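Descriptive analysis of the structure
Listed here are the chains, written in short residue letters.
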Amino acid sequence: MPDSVEVVDMVDDHLDEVFAIEEVTNPHPWSRTLFAAELRQAWSRSIAAVERRTVVGFGCLMYSGAEVHVTNLGVAPRHQRRGIGSLLLRSLADEAATFDVTAMTLEVRESNAAARALYERFGFVDAGRRPGYYASPTEDAVVMWLRDLRLAASGRGRASSAGSAPSRRGEGPTGPAL
Ligand SMILES: CC(C)(COP(=O)(O)OP(=O)(O)OC[C@H]1O[C@@H](n2cnc3c(N)ncnc32)[C@H](O)[C@@H]1OP(=O)(O)O)[C@@H](O)C(=O)NCCC(=O)NCCS
């Protein structure tokens, strides 16, 4: 992982670049408005990976009681396989571990071999399917869990050499359990 990549809090100024990455990496992309709304949710967290003032990736999660749900993750195509997805995931996990959070979960398209490989490497395991969860094209979701966040926080594979979480925003998750 090059030292030139930094993980920072996502802010409004990042949204154009984040949305540009989302459009080319997600077959059913979030809207720019949704990313903007996430920045204002007390129980959500969004971070950006920035290299030489350019956003090269992003990650989003939602706190839900003692669990966190990774809601989005993307790396610009020409920056993939450089460890940036691992860095982002690691940063989200590190921050969650500082709260009373014990587990992380997410959904991933069944056909998304790259993301599933990343998550498995990180310690997530398959825990079931949500039939027809995704649109455009319709596809099942694989539900994955990392039941013990300490396994991620202790570092696995290349993620262990990645940078640390950005500074925490406010007092932490205050939203309702969803
Ligand atoms: C999934 C994604 C975020 C991974 O980001 P990345 O920066 O390329 O990931 P990393 O470089 O940290 O990869 C870490 C490990 O994940 C696995 N991996 C990542 N991409 C892979 C691929 N295309 N094929 C197989 N394994 C892959 C490998 O084990 C890799 O380690 P290695 O490079 O040493 O072999 C990126 O491919 C992406 O943005 N995809 C489109 C959006 C998406 O699918 N988001 C997830 C939605 S659930």
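So, here is what we can say about the structure in this document. Predicted, not measured: the structure shown is a model, and the values here were computed from it.

What counts, and at which threshold
- Just so you know, the residues in each chain are numbered from 1, in the order the chain's sequence is written.
- Two thresholds apply to this predicted model, a pLDDT of at least 70 for residue-level local features and 80 or more for giving and counting side-chain atom pairs, whereas whole-chain, interface and lining totals are computed over all residues.
- Numbering of helices and strands runs from the N terminus, with a helix taken as a DSSP run of H or I at least four residues long and a strand as a DSSP run of E at least two residues long.
- In a helix, the anticipated span is given by 1.5 Å times the number of residues less one.
- Each residue is classified by how many other C-beta atoms fall within 10 Å of its C-beta atom, where C-beta atoms are placed from the backbone; a count of 20 or more means buried, 12 or fewer means exposed, and values in between mean partly exposed.
- Each nonpolar core reported here comprises buried Ala, Val, Leu, Ile, Met, Phe, Trp, Tyr and Cys residues connected via C-beta atoms within 7 Å.
- What counts as a contact is two residues whose backbone-derived C-beta atoms lie within 7 Å of each other.
- By definition, a residue lies near a molecule or strand when the C-beta atom built from its backbone is within 6 Å of it.
- By the convention adopted, Pro, Cys, Tyr, Trp, Phe, Met, Ile, Leu, Val and Ala count as nonpolar, Lys, Arg, Asp and Glu as charged, and the other residues, Gly among them, as polar.

1. Re helix H3 (residues 84–97)
In this model H3 runs 20 Å from its N-terminal to its C-terminal C-alpha over 14 residues, within 8% of the 20 Å that 1.5 Å per residue would give. Burial analysis of H3 places 12 of its 14 residues in the buried class, the great majority of the element. For H3, the set of buried residues is Ile 84, Gly 85, Ser 86, Leu 87, Leu 88, Leu 89, Arg 90, Ser 91, Leu 92, Ala 93, Glu 95 and Ala 96.

2. Some points on the nonpolar core
Soluble, globular proteins show a tendency: their nonpolar side chains are buried together. Val 18, Ala 49, Phe 58, Leu 88, Leu 92 and Met 104 are the most contacted members of the largest nonpolar core, which has 41 residues in total. The element best represented in this core is H3, accounting for seven residues. Those residues within four positions of Leu 88 in sequence are excluded, and the remaining contacts are Val 7, Ile 47, Ala 49, Gly 57, Gly 59 and Leu 73.

3. Some thoughts on the site of the ligand
Within the structure, the ligand sits among 21 residues, and Gln 80, Gly 85, Ser 86, Ala 114 and Leu 118 are positioned closest to it. At the level of elements, strand E4 (67–75), H3 and helix H4 (113–122) are the ones that each hand at least two residues to the shell around the ligand. By residue number, the principal contributor to the shell around the ligand is H4, which donates six residues. For the shell around the ligand, the per-class residue count stands at nine nonpolar, eight polar and four charged.

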